[in-house]
Amino acid sequence: MRHMILILGLAAVLVLSLAGLRGCASRRPPIEIFPDMDRQPKLRPQARNPLFPDGRSSRQPVEGTIARQAAWDGSPENTGRHPGTTNDVEVLPVPVTPSLLARGQERFGIHCQPCHGPLGDGRGIASRYGMIPAANFHDPRLVRMPDGEWFRVITEGRNQMAAYASQVPAPDRWAIVAYLRALERSRLGTVEDIPEPLRSEWRK
Amino acid sequence: MPGVFPKWTNQLPLNIAAGLAIAGAAVAAGLGYYFTPKYTRVGYQPIQPVPYSHATHVEQLGMDCRYCHAGVERSWFAGLPDASRCMNCHHQVLAGDPRLAPVRDSMQTGAPVAWIQIHRTPDYVYFHHAAHIRRGVSCLHCHGRVDQFEEVRHDQPLSMSFCLECHRRPEAYLRPLDQVYNLGWNTDPARQNEQGRLLALTGDMRPPLSCSGCHR
C-alpha cells in the first residue's frame, strides 16, 4: 500500500511538472485531443491555403469587377459629384436624420478621432506620437468646402491622409460628413443663435 | 497440510481492487483536468510576426476595436486589418521601426502579414461575430481583457459548454449595446441579471440551444 501511494504521488508530480497547470501561457499550438473533423479541407476567411499561388484563402477581387451591392454608378451618393461633371455636390444627397447624425458620431469616433481628435481640431492622440497634425475642421477654408468634397476626401484621402473608402462604406461616409457639419456648427455659433430668454443664462 | 497460499494472499483481491480504484480515480482526475479546452487552449500565446500590443493601441491611445476589426459588426468573421490600415498612422508614427518591417513589406509586395490565428474553433462551428456583438455580447466575454494584453493569448476555453453557459442564461452576460466595445465597463453584479433580462426581452433574444444553431 505504501508503495502504491508513493508511485501515485510520483506520477502526479511527474504529470504536473510536464503538463503544468490550466491556463499557463504556452507558445505551442493547442493540442486537439479528439480531432474528429475539427479541421476540414475548406476555406476559412484569411486562412492560409496552398491551393492558390499566393497562399490566401480570401481572394482579391478580379480586376475590372465589383462586388455585388457595391457602389458602382455615378450617382452623387457614390461619388459626391454631380453626375457627369467634376462639380462636388453642395449638400449631402441623403436625408439628414437624428439616426444619421448618431451613426456619424459613432463612425467619427472610430475612424477619424485617432488623428483629428474628438473636437475635430486635428489634435488627435496620434499627433502626440509623431504624426503631422491632421486637418482642423474648424478652419474657415474647410468649413466652406462643399459636402461632396468632404465625402471625396474621406473616399480618396488627401495629403497625408490615406483613402478610407475600403474602411468606411459610402453611407457611413455621408453620416460622418453630416456629423462633421454639426461639429463645425458648434464652433460657429454666435450669441444671436441663442434664443433671447436664455441669453442671460449663457452669460453666467 | 500447510496452505497452498500464504495467509497474506487473503488480503490480495481487496488490495488489487482498492489499488485499481485509486489508480482509476487518479487517471479520471487527470483526464478531467487536462483533456478539456480549459487546459489545451487557454493560455496559447504564439509569437506573432509583429509584436502588436493591444494595450498600447486601445488602453493608451483609446482606439476603438472597429478601426481595425471592421468586419465584426457586419460579418461572421471579425477580420484582421490589412497592412494599409496599419499604415494609415504608421507611415508617420514609428515609420522606420524594425518591428514594423513585416507590415511595410506587406504594403509594398501585397503579400499578407503571416499572423498566427489563436482563437480557432473547430471547422464545424459557425460562430457569427456580428450576431453576438449586435445583441450585446461584448468582446470581453470570449476574448477577456484583450484591450489590456501586451500580447494576445487565448483567454477563455471557447468550448461547447462555455458557449452553452451563455446561451442558457444570456441575462447574466448581455450589455447595453453602447457598452459592447467598452471592455472596462462594469456593472453591479446584482443588477446584471435584472438588466440583462430586460435587454433579452426588449431585444427578443432567444439564443439557440439546438445543434443547428451553431453546427451545420
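Treat the numbers as computed from the prediction; the structure is a model and nothing was measured.

A. Focus on the environment of R22 of chain A. By the secondary structure assignment, R22 of chain A is in the loop between α1 (2–19) and α2 (76–79). In contact with R22 of chain A, not counting residues within four places along its chain, are G32, Y33, T36, K38 and Y39 of chain B. Of the polar contacts made by the side chain of R22 of chain A, one reaches the backbone oxygen of G32 of chain B; its length is 3.2 Å. A polar atom in the side chain of R22 of chain A sits 3.0 Å from the backbone oxygen of Y33 of chain B.

B. Looking closely at the nonpolar core. Residues and elements named next belong to chain A. Formed by 26 residues in total, the largest nonpolar core has its most connected members in F108, W150 and V177. Those elements that place two or more of their residues in this core are α3 (98–116), α5 (147–156) and α6 (170–188). A total of 9 residues in this core trace back to one element, the largest contributor, which is α6. Not counting the four nearest positions on each side in its chain, W150 is found in contact with F137, L142, M145, V177, L180, R181 and E184.

C. Representation of the interface of chain A and chain B within the structure. Each side of the interface is counted separately: chain A has 48 residues, and chain B has 50 residues. The junction of chain A with chain B conceals about 4400 Å² of combined surface from both sides, 53% of it contributed by carbon and sulfur atoms. In this structure, the connection of chain A to chain B is made through 5 salt bridges. Measuring nitrogen to oxygen at the nearest pair gives 3.3 Å for the salt bridge that ties R39 of chain A to D123 of chain B. For the pair chain A and chain B, the interface holds 28 residue pairs in polar contact (both at pLDDT 80 or more). Those elements that place two or more of their residues in the side of chain A that touches chain B are α1 and α3 of chain A. Examining the composition of the side of chain A that touches chain B, we find that 6 residues originate from one element, α3 of chain A, more than from any other. Class assignment for the residues of the side of chain A that touches chain B results in 26 nonpolar, 10 polar and 12 charged.

Conventions we followed
Residues numbered from 1 in each chain as written. Chains lettered and ligands numbered in written order. Predicted model: local features only at pLDDT ≥ 70, side-chain atom pairs only at ≥ 80, totals over all residues. Heavy atoms only, no water. Helix = DSSP H or I, 4+ residues; strand = E, 2+ residues; numbered from the N terminus. Contact = heavy atoms within 4.5 Å. Polar contact = N/O pair within 3.5 Å; in protein donor to acceptor, adjacent residues only side chain to side chain. Core = buried A, V, L, I, M, F, W, Y, C linked by side-chain atoms within 4.5 Å. Buried < 20%, exposed > 50% of the residue type's maximum accessible area, 1.4 Å probe, protein only. Buried area = accessible area lost by both parts, 1.4 Å probe. Salt bridge = Lys/Arg side-chain N within 4 Å of Asp/Glu carboxyl O. Nonpolar A, V, L, I, M, F, W, Y, C, P; charged D, E, K, R; others polar.

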